[in-house]
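Here's the letter readout for the chains.
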Amino acid sequence: QVQLVESGGGLVQPGGSLRLSCAVSGSIFSINYMGWYRQAPGKQRELVARLHHSDTTNYADSVKGRFTISRDSAKNTVYLQMNSLKPEDTAVYYCQGNLYVRLGDAPSDYWGQGTQVTVSS
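Residues numbered from 1 in each chain as written. Predicted model: local features only at pLDDT ≥ 70, side-chain atom pairs only at ≥ 80, totals over all residues. Heavy atoms only, no water.

Turning next to the overall build of the protein. A count of helical and extended segments in the protein gives zero helices and eleven strands. The helix and strand sequence of the protein, counted from the amino end, reads β-β-β-β-β-β-β-β-β-β-β. For 121 residues, the compact-globule formula gives about 14 Å, and the C-alpha radius of gyration of the protein, at 14 Å, lands near that figure. Based on the C-alpha atoms only, the size of the protein along its principal axes is roughly 50 × 25 × 25 Å. (Helix = DSSP H or I, 4+ residues; strand = E, 2+ residues; numbered from the N terminus. Rg over C-alpha atoms; globule rule 2.2 N^0.38 Å.)

Quick look at the structure:
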């Protein structure tokens, strides 16, 4: 069974840094893309960053220059390095993966369980 396992959330002061990790658990054929979404209380879930198989990246305007998405292909793990954190970055962060589980199958979306990031003094 394929799962996305997240780690790395927590409480940090404004201006601080955190790194989130998301590992694919279970057997897959390949990764089409992986990314991070976030959802703050009372708001819709929004895309934060995405990393494609081609190495193309997408970032929300609000995090450009502060957040960096990267991967370790050998570990099927994606990271989100978050620097210069602001209180408005406070949210539950979700990992999302668009994965080819078996050769010949269409890719499917998988989601992590979410990890809380709180930026507060």
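Take the sheet that holds strand 1 (residues 3-7) next. Ordered in space as 1-3-8-7, the four strands form an open sheet in which the pairing is antiparallel. A single partner strand is all that each edge strand has here, and the edge strands are strand 1 and strand 7 (67-72). Averaged over all pairs of adjacent strands, the angle between strand axes in this sheet comes to 20 degrees, irrespective of strand direction. Across five bridges, strand 1 lies against strand 3 (residues 18-25) in antiparallel orientation. Along strand 3, the bridge assignment pairs Glu6 with Cys22. (Pairing = 2+ DSSP bridges. Axes fitted to C-alpha atoms, helices over the stretch in contact; angles between N-to-C directions.)

This next bit is on the environment of Tyr93. The residue Tyr93 is located in strand 9 (residues 91-100) in this model. Along the backbone, Tyr93 and Tyr110 are 17 residues apart, and their C-alpha atoms lie at a distance of 14 Å. With near-sequence residues (within four places) excluded, Tyr93 lies in contact with Glu6, Leu20, Trp36, Tyr37, Arg38, Val48, Phe67, Leu80, Met82, Gly114, Thr115 and Val117. In this structure the side chain of Tyr93 is engaged in a polar contact, spanning 2.9 Å, whose partner is the side chain of Arg38. (Contact = heavy atoms within 4.5 Å. Polar contact = N/O pair within 3.5 Å; in protein donor to acceptor, adjacent residues only side chain to side chain.)

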